[in-house]
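# Coordinates in review
Each chain is listed here by its residues.
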Amino acid sequence: MPTVFKQSYRRCSSIIDCFEVFIQRPSQVTARAQTWSNNTNRRISFVSKAFGVILFNWMVPYENDNLGQDEEYNDSIETALMEEVGMYEDLTSIDIMTDARHGWRKNAKDSSVVAIGEKMHKVLKCEHITKADDFVSQRHEKLGTQRIYQNMSIKQVGKTWSEQLEDKVESVATHFHWAIRNCEQNPKELKDLLINVVEHYKNNHTKCHPDSRCKRDLNYEPKRSTINKPIAEKLLLGVIHKSVIFKSPDHFVLARDTSYVESFNNTMNMFQDKRIVFSDANYNTRACLAVCHWNENVDRGFTSI
Ligand SMILES: [Zn+2]
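All of these numbers come straight from a predicted model, not from anything done at the bench.

## Focus on the overall build of the protein chain
- On a plain count of helices and strands, the protein chain comes out with 11 helices and 6 strands.
- The contacts in the protein chain between residues at least 6 apart in sequence include a share of 61% that link residues at least 24 apart.
- Looking at the protein chain as shown, the accessible area adds up to about 18,100 Å², and 53% of this sits on carbon and sulfur atoms.

Okay, structure coming up:
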């Protein structure tokens, strides 16, 4: 705290500060997030009496705030995508894991759906879905995943999707989970169950589980479109064959490995406090920062003991 304040206002405990100091833009994203200012009129700082440093800031969200984090985010995911593709021999498709996170509670206005590459563990895409896109937040995961797949195929990375598979993104994932739960901890059984997903969508239920609806219900009508194009069948089979679960079923017979997506969600929590409902622009900015931070630091070696 400046001396002049100490002398004149002995009982002053903090100064509400409203000026802006220009500093160099740190290249480290965490540092940048810490120094991130929303401009003079919109930021209130509390300066500590004892140390003369900023204790905490109240940031007042403003619609057009953009200090380059979008650009940084796009750079980051583009590099991450190239790194990920580079890890595969055929350079045409990649394996990803996705998960959704609700903004501040289950039925929140915002949801984020994130796609993380299997090999490099970097975030390749983080979709922000709001109630403006779909008022039912339970459907946000599906919508986000679809957008991610569309985005990837535009980039010519995932030539792995066909229209016939469009409505199956979520249900194939459900099948995977179901297969893990019902394989009785037998890796071979798990593989068979995964392969049978294709047959099920071709409307051939001979090998389906006796408990599943397609077996029990005589008037069973598939909810999703039936696969009849060989290309769609080949693609779906390809997706299954290339999945980590299929390749190393023994790792999954006991549980599903979601540690990366879950720890990414922890990173998100650092940037987007669940107790606060952010404006769309602010939420987006924070998601971009979280992705940049994650991609800079994931799988980094220890820097301290
Ligand atoms: Zn079936």
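## Some words on the pairing of strand 6 (residues 123–130)
- When you tally the buried positions in strand 6, you get 8 out of 8 residues, the bulk of the element.
- Bridging between strand 5 (residues 110–117) and strand 6 involves 7 bridges; their strand directions are antiparallel. By the bridge assignment for strand 6, Ile116 is matched with Val123.
- As consecutive antiparallel partners, strand 5 and strand 6 are separated by 5 residues, and within that stretch His121 has a phi angle of approximately 60 degrees, a positive value.

## Some thoughts on the coordination of the zinc ion
- The protein atoms donating to the zinc ion are His200 (ND1), His205 (ND1), Cys208 (SG) and Cys214 (SG), with metal-donor distances spanning 2.0 to 2.2 Å.
- Geometry at the zinc ion is tetrahedral, judged from its 4 donor atoms and the angles of 98 to 114 degrees they form at the metal.
- Read in sequence order, the donor residues for the zinc ion give the motif H-x4-H-x2-C-x5-C.
- In this structure His200 comes out as buried when scored by relative accessible area, which is 12%.

## Quick notes on the packing of helix 6 (residues 187–201) against helix 8 (residues 230–242)
- Interaxial distance between helix 6 and helix 8 falls to 9 Å at its minimum, and their mutual angle equals 160 degrees. Taken together, the axes of helix 6 and helix 8 lie roughly antiparallel to each other. In the crossing of helix 6 with helix 8, the sense of the turn from one axis to the other is right-handed. Between helix 6 and helix 8, the contacting residues are Leu194, Ile195, Val197, Val198 and Tyr201 on the first element and Glu233, Leu236, Leu237, Ile240 and His241 on the second.
- Per-class residue counts for the contact of helix 6 with helix 8 are 8 nonpolar, 1 polar and 1 charged.

## Structural notes on helix 11 (residues 280–297)
- For helix 11, built from 18 residues, the straight-helix expectation of 26 Å at 1.5 Å per residue is met to within 8% by its first-to-last C-alpha distance of 26 Å.
- Most of helix 11 is tucked away, with 15 of its 18 residues classed as buried.
- At the C-terminal side of helix 11, Asp299 shows a positive phi close to 55 degrees.

## A short note on a negative patch on the surface
- Judged by side-chain charge, Asp70, Glu71, Asp75 and Glu78 come together as a negatively charged surface patch.
- One can find Glu71 in helix 3 (residues 69–86).
- Relative accessible area serves as the criterion here: at 58%, Glu71 is assigned to the exposed category.

## Topic: the packing of aromatic side chains
- Counting across every chain of the model gives 1 aromatic pair.
- Relative to Trp294, the ring of Phe264 lies with its centre 5.4 Å away and its plane at 90 degrees, an arrangement referred to as edge-to-face. One end of the pair, Phe264, is in helix 10 (residues 259–271); the other, Trp294, is in helix 11, with 30 residues separating them in the sequence. As far as the burial class goes, Phe264 and Trp294 line up, both buried.
- Over the face of the ring belonging to Phe135 we find Arg139, whose NZ or CZ atom lies 5.8 Å from the ring centre.
- The ring centre of Phe246 lies 4.8 Å from the NZ or CZ of Lys191, which sits over that ring.

Reading guide: rules and limits
- Residues numbered from 1 in each chain as written.
- Predicted model: local features only at pLDDT ≥ 70, side-chain atom pairs only at ≥ 80, totals over all residues.
- Heavy atoms only, no water.
- Helix = DSSP H or I, 4+ residues; strand = E, 2+ residues; numbered from the N terminus.
- Contact = heavy atoms within 4.5 Å.
- Areas by Shrake-Rupley, 256 points an atom, 1.4 Å probe, with all protein chains shown as cover.
- Buried < 20%, exposed > 50% of the residue type's maximum accessible area, 1.4 Å probe, protein only.
- Pairing = 2+ DSSP bridges.
- Donors = N, O, S within 2.8 Å, 3.2 Å for Na, K, Ca; no water.
- Tetrahedral: all angles 85-135°; square planar, octahedral: opposite > 155°, others 65-115°.
- Axes fitted to C-alpha atoms, helices over the stretch in contact; angles between N-to-C directions.
- Parallel < 35°, antiparallel > 145°, perpendicular 65-115°, else oblique.
- Left-handed = near helix turned anticlockwise from the far one by under 90°.
- Nonpolar A, V, L, I, M, F, W, Y, C, P; charged D, E, K, R; others polar.
- Expected span 1.5 Å × (residues − 1).
- Patch = residues over 30% accessible without salt bridge, like charges linked within 9 Å, V, L, I, M, F, W, Y side chains within 5 Å.
- Salt bridge = Lys/Arg side-chain N within 4 Å of Asp/Glu carboxyl O.
- Lys, Arg positive; Asp, Glu negative; His and termini not counted.
- Charge placed at Lys NZ, Arg CZ, Asp CG, Glu CD.
- Phe/Tyr/Trp six-rings, centres within 6.5 Å; stacked < 30°, edge-to-face > 60°.
- Lys NZ or Arg CZ within 6 Å of the ring centre and 35° of its normal.

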